[in-house]
Amino acid sequence: MTSPQSTALSAPARDWFQRAVVYQIYPRSFADSDGDGIGDLRGIISKLDYLQRLGVDVVWLSPIYTSPQDDNGYDISDYRNVDPLFGTLEDLRELTDGLHARGMKLVMDLVVNHTSDEHPWFMESRSSRDNPKRNWYWWRPPRDAAARSAHRGADAEPNNWGSAFSGPAWEFDQATGEYYLHIFSKKQPDLNWENPEVRAAVYEMMNWWLDRGVDGFRMDVINFISKDTALPDGPVADGKLFGDGTPYYIDGPRMHEFLQEMHREVFAKRPGELLTVGEMPGVTVEEAILYTDPARAEVDMVFQFEHVALDQEDGDKWRPKKLLLTELKQTLGRWQEGLAERGWNSLYWGNHDQARAVSRFGDDGKYRELSAKMLAGILHLHRGTPYVYQGEELGMTNMTFGAISDYRDIEVLNHHREATSHLGHTDAEVLAALAPLNRDNARTPVQWDASRHAGFTTGAPWIAVNPNANHINAAAQMDDPDSVYNFYRKVIALRHAEPVVSHGDFTMLLPDDPHVYAFTRALAGSPGDGANGAEMPDREMLVLEMLVLGNFSGEERNVELKDETWAGAELVLGNYASADHPSDGGAAAAGPLRLRPWELKVLRRSRRA
Ligand code: TEU
């Protein structure tokens, strides 16, 4: 291990986003102000003080643009307007101003791998084969009859790729007798980024948003935009009807060229002010170093997907399997090590596409609150920028969906139809497979109080509210010092206060322990004004260290550390109520560190360098 990072212990972060915490809002499910059962911008405006009190620095807003809502807004038909479902551009201006007035920033969701098929660009492109915008999308003629037998399931599609939402990735357009590519739904045609006109139009739109005070972008499947222009067939796995095209559209040949061009044309206009995060399914650590190395001027960080694939057989979310803590530690530790010198990590347990964190990685039964807090402490004390998904700060859980009619997500509905109609599975089998990891788990309305519909809406909610809102809700937690919400406030405050959290070196410990997650953070430097308040002899070099321990089980665990000197360290954060914590604020239990079920302990010490 290299020597701990050397920096003034109280020095400001190199980049503001490296000390920031981001909160993701999925507007449709956050707060409804007009009683139509769908969350909206004015609902968010009414919760700005809630967000400020939580302590988050940035709000990432999932799409609110004009959209047919085929994929809940990730199918955009007008990038420069707000869908009436969510409000108006004036409401967005008020939201932006409200965030800025509270010292928070706004990051918009940029979906430019594809548009809606109702976007004017696509409407023109499909109007005729010689329309000037024909080449703004991926159009190809049908395969000839001889080639058709080359792959199962499809007909004359130009290749055998399957859509991420079941079925083929191509849709035949009768009017012009050609197919168009759609990696997602057939209402989400892929833009052709090989065309410089497409890129110029996207950059112009991005700058339009920056000119309106937006502070950055979360870029939807941005590592899909460069494709192998030959569009070759992909391998067909057992039990699958279509080929896997991902080797030919993930991290494609011109990715870095396109992102560096985007950086020159857009991000460079606001140096040091923006946060840019690329959502990159399938990205590797090696690629992420290239994407996030500041010297390469591409993006600040990426969302990688390796840790959220560990509980899926062969990466198939409909074949869930038990998560092993050792694999979780191995994956997250590899990402910490890989981006330690160059680049930057994002940190997340969940988002609008993933199951609820406490249900997936914790215990949403007896130890729900304890495990939710432990998960927060483990994630937020890694090196990187943490993301809090709406409701995670309340310990919201997965939902029980009794029938396919209870679901709303196109990914679920399409899979159910394909699995029951073409793959011979029964409805009951598919419902059981859907339950743990479906996206609607995270899309039930935020639970504000114990009133009807959890205070989310006065109307009929677009998707059912989780019945456990009667005891899991914001109102019950705001003034409870031991609530999950107030624990998130503490761990966010720790990041803001302690440079060792934002910039300290990361070292994974106990990699083979099946129940305990353990790591240290270390930062060398001169205390300057005394990061921990101590006035030190001038220029004395110190190493400030943190030990973070989490028990990922319902049984007590003893932690045997080689370095027994930790026994006398100061406990700075724990998730057991203070009454249960005689050592709270004092020295931790001597000898082997004892962890109660789902217990988090964060110890701190400083030593001469
Ligand atoms: O998700 C990209 C993506 O890969 C997801 O399909 C994710 O891997 C999957 O849902 C996990 O089951 C982005 C958006 O976050 C998602 O909401 C959109 O549906 C998708 O792109 C298309 O825009």
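K.L.:
Looking at this structure, how should I read the environment of proline 141?
P.N.:
Topologically, proline 141 is positioned in the loop between strand S7 (139-140) and helix H5 (145-148). Judged by relative accessible area, proline 141 falls into the partly exposed class, the value being 46%. Considering only alpha carbons, one finds proline 141 and leucine 549, 408 residues apart in sequence, at a separation of 58 Å. In contact with proline 141, other than residues within four places in its own chain, are Pro158, Glu178 and Tyr179.

K.L.:
Looking at this structure, I do not really get the pattern of salt bridges. What am I missing?
P.N.:
Where side chains of opposite charge bring their charged atoms close, a pairing between them can arise. Counting across every chain of the model gives 43 salt bridges. For arginine 42, the salt bridge identified is with glutamate 94, shortest N-O distance 2.9 Å. Placement of arginine 42 in helix H1 (residues 41-45) and of glutamate 94 in helix H3 (residues 89-101) is noted, with a sequence separation of 52 residues between them. Residue class for arginine 42 comes out partly exposed when judged on its relative accessible area of 34%. The partly exposed category is assigned to glutamate 94, whose relative accessible area is 35%.

K.L.:
It is not clear to me how the site of the ligand should be interpreted in this structure. Could you clarify?
P.N.:
Around the ligand there are 18 residues in total, and Asp71, Asp220, Lys317, Asp353 and Arg439 lie nearest to it. Glutamate 279 places a side-chain nitrogen or oxygen 3.1 Å from an oxygen atom of the ligand. Between an oxygen atom of the ligand and a side-chain N or O atom of histidine 352, the distance comes to 2.9 Å. Taken by itself the ligand offers 490 Å² of open surface, and the protein chains cover 92% of this. Here the residues of the shell around the ligand are counted per class, giving 6 nonpolar, 3 polar and 9 charged.

K.L.:
Where do I start with empty space enclosed by the protein in this structure?
P.N.:
If a probe the size of a water molecule is rolled over the atoms, the empty space left behind becomes visible. Summed over all chains, the structure comprises 5 cavities of 30 Å³ or more. Counted as a void, the largest cavity has a volume near 100 Å³. Around the largest cavity, the lining comprises 14 residues; the ones closest to its centre are Arg356, Ala357, Val358, Glu392 and Met396. Taken together, the residues that form the lining of the largest cavity break down as 9 nonpolar, 3 polar and 2 charged. The space that makes up the second largest cavity amounts to roughly 60 Å³. Secondary structure elements with two or more residues in the lining of the second largest cavity: helix H10 (325-338) and strand S15 (346-347). Element by element, the count of residues in the lining of the second largest cavity is highest for H10, at 3 residues. Residue composition of the lining of the second largest cavity, by class: 4 nonpolar, 5 polar and no charged.

K.L.:
Please clarify how the side chain of glutamine 354 should be interpreted in this entry.
P.N.:
Mapped onto the fold, glutamine 354 is located in the loop between S15 and helix H11 (357-360). Aside from chain neighbours lying at most four places away, what touches glutamine 354 is Phe305, Val308, Arg360 and Ala442.

K.L.:
Looking at this structure, I do not really get the packing of aromatic side chains. What am I missing?
P.N.:
Aromatic rings in a pair are described by how distant their centres are and how their planes are angled relative to each other. Scanning the model with the defined rule gives 31 aromatic pairs in all. Between the aromatic rings of phenylalanine 30 and tryptophan 448, the centroid separation amounts to 5.2 Å while the plane-to-plane angle is 90°, which identifies the pairing as edge-to-face. Residue phenylalanine 30 is located in the loop between strand S2 (22-25) and H1, and its partner tryptophan 448 is located in the loop between helix H14 (427-434) and helix H15 (484-497); the two are separated by 418 residues in the primary sequence. The same class applies to phenylalanine 30 and to tryptophan 448, which are both buried. These aromatic residues form a ring-pair network of at least three members: Tyr65, Tyr79, Trp121, Trp136, Trp208 and Trp209.

K.L.:
Even after reading the chapter, I still don't get the sheet that holds S15, so can you show me in this structure?
P.N.:
Hydrogen bonds between backbone groups are what pair the strands of a sheet, and the pairing can be parallel or antiparallel. Strand order in the open sheet made by the 8 strands is S12-S11-S10-S6-S3-S2-S16-S15, with parallel pairing throughout. In this open sheet, the two edge strands, each paired with only one partner strand, are strand S12 (301-303) and S15. Sheet strands touched by H3: strand S3 (58-61) and strand S6 (105-110). Its angle to S6, the strand with the most contacts, is close to 135°.

Rules used throughout
Residues numbered from 1 in each chain as written. Predicted model: local features only at pLDDT ≥ 70, side-chain atom pairs only at ≥ 80, totals over all residues. Heavy atoms only, no water. Helix = DSSP H or I, 4+ residues; strand = E, 2+ residues; numbered from the N terminus. Buried < 20%, exposed > 50% of the residue type's maximum accessible area, 1.4 Å probe, protein only. Contact = heavy atoms within 4.5 Å. Salt bridge = Lys/Arg side-chain N within 4 Å of Asp/Glu carboxyl O. Near = heavy atom within 4 Å. Polar contact = N/O pair within 3.5 Å; in protein donor to acceptor, adjacent residues only side chain to side chain. Areas by Shrake-Rupley, 256 points an atom, 1.4 Å probe, with all protein chains shown as cover. Nonpolar A, V, L, I, M, F, W, Y, C, P; charged D, E, K, R; others polar. 1 Å grid on protein atoms, 1.4 Å probe; cavity = no way out; pocket = protein on both sides within 12 Å on 5 of 7 lines; lining within 4 Å. Points joined across faces, edges and corners; volume = space filled by probe spheres on them. Phe/Tyr/Trp six-rings, centres within 6.5 Å; stacked < 30°, edge-to-face > 60°. Pairing = 2+ DSSP bridges. Axes fitted to C-alpha atoms, helices over the stretch in contact; angles between N-to-C directions.

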